[in-house]
Amino acid sequence: MMELEVEMEGSNTQRKGNWITFPFILGTMACLTLASGGWIANLLVYLIEEFNVKSIDAAQVFNMVNAGINFFPLIGAIIADSFLGSFSVVAISCCISFLGTLLITLTSVVDSLRPKPCQTGSIICQTPSKFQYAVLYGDLVLGCIGFGISRFTLSTMGANQFDKEKDQASFFNWFFFALYFFSVIAFTGIVYIQDNISWGVGYGICSGVSFIGLVVFLAGNRFYIHDNPKGSPFTSLAQVVVASIRKINMPTKVQNLYYQTDATPYQHHLPPQLTDSFRFLNKAAMEKEGDNNSDGSIAKPWRLCTVQQVEDFKAFIKIFPIWSSSILVAVEVALVQGSFTVLQALVMDRHLGHFKIPAGTILVLALISSSASLTVIDRFFPFFWRKVPTPLHKLGIGHVITALAMAIAAVVERRRLGMNNDKHVMSAVWLFPQLILLGIGEAFYFPGQVALYYQEFPASLHSTATAVSSLIVGIAYYLSTAFIDIVRANSDWLPDDINDARLDNVYWVLVVIGIINFGYFLCCAKFFKYKHNNEKAVPGN
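Residues numbered from 1 in each chain as written. Predicted model: local features only at pLDDT ≥ 70, side-chain atom pairs only at ≥ 80, totals over all residues. Heavy atoms only, no water.

Engineer: Let's hear about the overall build of the chain: which residues, and what values?
Structural biologist: When you go through the chain residue by residue, the secondary structure sums to 15 helices and two strands. Counting over 541 residues, the chain shows a buried share of 50%. For the chain, contacts bridging at least 24 residues in sequence account for 82% of all contacts bridging at least 6. For the chain, the exposed surface amounts to about 25,400 Å²; the carbon and sulfur share of it is 64%. (Helix = DSSP H or I, 4+ residues; strand = E, 2+ residues; numbered from the N terminus. Buried < 20%, exposed > 50% of the residue type's maximum accessible area, 1.4 Å probe, protein only. Contact = heavy atoms within 4.5 Å. Areas by Shrake-Rupley, 256 points an atom, 1.4 Å probe, with all protein chains shown as cover.)

Engineer: Describe helix 3 (residues 43–50), naming the residues involved and giving the relevant values.
Structural biologist: Along helix 3, the positions that sit buried rather than exposed are Leu-43, Leu-44, Val-45, Tyr-46 and Leu-47. Positive phi appears at Asn-52, one or two residues downstream of helix 3, with a value of about 55°.

Engineer: I'd love a proper account of the environment of Thr-402, names of residues and values included.
Structural biologist: With respect to the secondary-structure elements, Thr-402 resides in helix 12 (residues 391–421). For the pair Thr-402 and Val-329, spaced 73 residues apart in sequence, the C-alpha to C-alpha distance is 7.1 Å. Those residues in contact with Thr-402 that sit more than four places away from it in its chain are Val-329, Glu-332, Val-333 and Leu-438.

Engineer: Which residues make up the pattern of salt bridges, and what values go with them?
Structural biologist: Scanning the entire structure with this criterion turns up seven salt bridges. Notably, a salt bridge pairs Glu-311 with Lys-314, separated by 3.2 Å at the nearest N-O pair. Of this pair, Glu-311 and Lys-314 both sit in helix 10 (residues 307–346), three residues apart, which is roughly one turn of the helix. A relative accessible area of 13% places Glu-311 in the buried class. In this structure, Asp-504 and Arg-502 form a salt bridge, with 2.8 Å as the shortest nitrogen-oxygen distance. Each of Glu-50, Asp-111 and Arg-114 takes part in salt bridges that share partners, so that together they form one network. (Salt bridge = Lys/Arg side-chain N within 4 Å of Asp/Glu carboxyl O.)

Engineer: Which residues make up helix 8 (residues 199–219), and what values do they have?
Structural biologist: With 21 residues, helix 8 should cover 30 Å at 1.5 Å per step; its first-to-last C-alpha distance of 30 Å lies within 8% of that length. Among all positions in helix 8, only Trp-199, Gly-200, Gly-202, Tyr-203, Cys-206, Ser-207, Val-209, Ser-210, Gly-213, Leu-214 and Phe-217 are buried. (Expected span 1.5 Å × (residues − 1).)

Engineer: Residue-level account of the packing of aromatic side chains, with values.
Structural biologist: All chains considered together, the criterion is met by 16 aromatic pairs. A centroid spacing of 4.9 Å and a plane angle of 55° characterise the contact between Tyr-46 and Trp-199, whose relative ring orientation is tilted. You can see Tyr-46 sitting in helix 3 and its partner Trp-199 sitting in helix 8, a full 153 residues away along the chain. A residue is classified by how much of its surface remains accessible, and Trp-199, at 9% relative accessible area, is buried. An aromatic cluster is defined as three or more aromatic residues linked by ring pairs; in this entry it consists of Tyr-46, Phe-51, Trp-199 and Tyr-203. (Phe/Tyr/Trp six-rings, centres within 6.5 Å; stacked < 30°, edge-to-face > 60°.)

Engineer: Could you give me a rundown of the nonpolar core, with the residues and numbers involved?
Structural biologist: Counting residues in each nonpolar core, the largest one holds 122 residues, and the members touching the most others are Phe-340 and Leu-452. With 13 residues, the top contributor of residues to this core is helix 10. If we ignore the near neighbours within four places in the chain, the residues touching Leu-452 are Ile-319, Ile-322, Pro-391, Leu-392, Leu-395, Phe-457, Phe-528 and Tyr-530. With 13 residues, the next largest nonpolar core counts Leu-237, Ala-243, Leu-257 and Val-310 among its residues. (Core = buried A, V, L, I, M, F, W, Y, C linked by side-chain atoms within 4.5 Å.)

Engineer: Tell me about unusual backbone geometry, residues and numbers included.
Structural biologist: Its identity as a non-glycine residue notwithstanding, Asn-52 has a phi of 55°, on the positive side. For Asn-52, the position within the fold is in the loop between helix 3 and helix 4 (55–84). Classification of Asn-52 by relative accessible area gives buried; the value is 13%.

Engineer: Describe the state of the cysteines, with residues and values.
Structural biologist: In total, this model carries zero disulfides according to the counting rule given. Of all cysteine sulfurs in the structure, the one in Cys-95 sits closest to Cys-94, which takes part in no disulfide; the separation is 7.1 Å. (Disulfide = S-S within 2.5 Å.)

Engineer: Quick rundown of the environment of Ala-366? Include the residues and the values.
Structural biologist: Following the sequence through the fold, Ala-366 ends up in helix 11 (residues 364–385). Using a relative accessible area of 1% as the deciding quantity, one classes Ala-366 as buried. Separated by 77 residues in sequence, Ala-366 and Ala-443 have C-alpha atoms that sit 9.8 Å apart.

Coordinates in, geometry out; function isn't part of it.
Pasting the structure below:
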């Protein structure tokens, strides 16, 4: 009888997690990507054509939306780890995403929620009212929060369903493939419907798919392994700073070091060593009278930390310079792939035979290029490199390719302006090379980032590694907005009419910035040591 109960318990356990959850997680991701990608891809065109927003101002709004989408994943990761758990965060954010998508659908079908269209031949158009702006910005904020938090928290929750690293790696491969694949469908199919049938139908499909995604996610609830909040790892890192400052007058000679005595989710199998780098932080792990309870546990966590906490904080510090060098690369991608390319496409000949490419769809070429390049890099790049390329190698190659894409974009734009002055319209096909290169650069850069952060970040921060990568993109979009403001305030390169602009000069500035940033990256990479390269341990440890 006892054996039968054990078998039944084992059977019930096997029904939780693993690949049985995969259709629900992947189905939710597919729906979220179709819904959010559908309204984000063509947002720039929607603002210009339906809300009468001037082109550069629309680009600024578009950049802010993309910044929010990539900024909120970190907030979602912290909330999931510290308070609510992944399931609750994904469920709530899916509801918010659906609400935001529904509101933007209403702006496309209810005439009172948007300004009257510009009259043919008129250069003066009605601007949106304060109420119309409030509704528009409200649904954009809800959409950013919902999609931004849900997609990366969903990836973490999906990986948590598996015990084996091989299964986790396979899950991530399928997850990011779905992200790219359904983004391509959103950037083509839904954008085509918006441009050629109606905005209402296109956004209505986004709302419907968003609701289906929420239903699919909740339907899999009984199969999920639910993770419990473990407390914020950032609190642990902050304790190291405070404890080391409070013990600043202690002698630097190593005294009794405190190793954690109780099991935690992040405890290592081998006792950590206190390394020689950033020695002033080592004082946080030096025991002092009154720091411990009688059972050996920490009495004052803001005065005494474990050796592991100190080493985790050191790892966090060491990765920061490499992390910071990634931001300007993302700024270049945000400006070219995010907004300027769409503005260029709007005034170019987008016909391929009898088919006219929607302006928002042209960005899909970068997604296709990234997807194809990922396969080539994975299969053939190590063979030509003659050794397994490190994440830093991939980041460096990404730097170079992105700068090259900026240079090509500058040359193409200068040629377009020359043809426009001669009353000729350049084909949008000339935008393809820069988008293809950006896609190749992203294929090197983004996976390299994720691999580096996951490998080098403290174990307590593994769940936020992808969110930190997304944070870079979010910061980049905010900086790209500031960059446009600076250019507009100090030059006449970016007027409202893109045909009167000097976008080529802006691209050349980005090339120079990219070269300087690449030099900074090389300096950071030269002094960077991977975690698996043993540092000199503190004597006596």
